[in-house]
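# Observations on the three-dimensional arrangement
Each chain, letter by letter, is given below.
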Amino acid sequence: QVELVESGGGLVQPGGSLRLSCAASGSFFAINAMGWYRQAPGKERELVATITCGGKTNYGDSVKGRFTISRDNAKNTVYLEMNTLKPEDTDGYYCNAEVLLYDTNRWDNYWGQGSKVIVSS
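Rules used in this analysis
- Residues numbered from 1 in each chain as written.
- Predicted model: local features only at pLDDT ≥ 70, side-chain atom pairs only at ≥ 80, totals over all residues.
- Heavy atoms only, no water.
- Pairing = 2+ DSSP bridges.
- Helix = DSSP H or I, 4+ residues; strand = E, 2+ residues; numbered from the N terminus.
- Axes fitted to C-alpha atoms, helices over the stretch in contact; angles between N-to-C directions.
- Buried < 20%, exposed > 50% of the residue type's maximum accessible area, 1.4 Å probe, protein only.
- Contact = heavy atoms within 4.5 Å.
- Polar contact = N/O pair within 3.5 Å; in protein donor to acceptor, adjacent residues only side chain to side chain.
- Salt bridge = Lys/Arg side-chain N within 4 Å of Asp/Glu carboxyl O.

## Some words on the sheet that holds strand 8 (residues 77-82)
Read across the open sheet, the four strands follow the order 1-3-8-7; overall the sheet is antiparallel. Only two strands of the sheet have a single partner each, and these edge strands are strand 1 (2-7) and strand 7 (67-72). Going from strand to strand, the sheet's axes swing by 15° on average, the running direction of each strand aside. Across six bridges, the pairing between strand 1 and strand 3 (residues 18-26) is antiparallel. The partner of V2 across the bridge, within strand 3, is G26.

## Structural notes on the environment of S115
By the secondary structure assignment, S115 is in strand 11 (residues 115-119). For S115, a relative accessible area of 7% puts it in the buried group. Sequence spacing of S115 and M82 is 33 residues, and the spatial spacing of their C-alpha atoms is 13 Å. The contacts of S115, once residues within four sequence positions are left out, are E6, S7, G9, L20, D91, G92 and Y93. Engagement of the side chain of S115 in a polar contact is seen with the side chain of E6, the distance being 2.6 Å.

## Structural notes on the pattern of salt bridges
Enumeration according to the criterion identifies seven salt bridges in this entry. One salt bridge connects E46 with R38, and the closest N-O pair in it is separated by 2.9 Å. One salt bridge connects D89 with R38, and the closest N-O pair in it is separated by 3.0 Å. Within this pair, whereas D89 is found in the loop between strand 8 and strand 9 (91-100), its partner R38 is found in strand 4 (residues 30-39), the two being separated by 51 residues in sequence. Judged on exposure class, the residue D89 and its partner R38 are both buried.

This is the structure we're talking about:
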């Protein structure tokens, strides 16, 4: 019914920048909040950033001042601009969206497939 397709991951040098995209497709009535989370093997999932439909943002402490989240509601797409990247940012990044399906009265969470980000010289 709903898919979140991510793009933009890859290898970047420390201090560099990278931009992730996540587009929602399928059949749904509306999307509320969208966000990005990251998780490395053996570690717990960590909040990166979230953004409401109206544009209110929230960032994890480790990325404040370096990452920027934005969205295009017409395209059902959320972006993550990552600047001043550090080796410790190396992780799998996962897109999330709260989705209201047709003929339902609840919001459900959907996840992207994950994007590998490697920060190394």
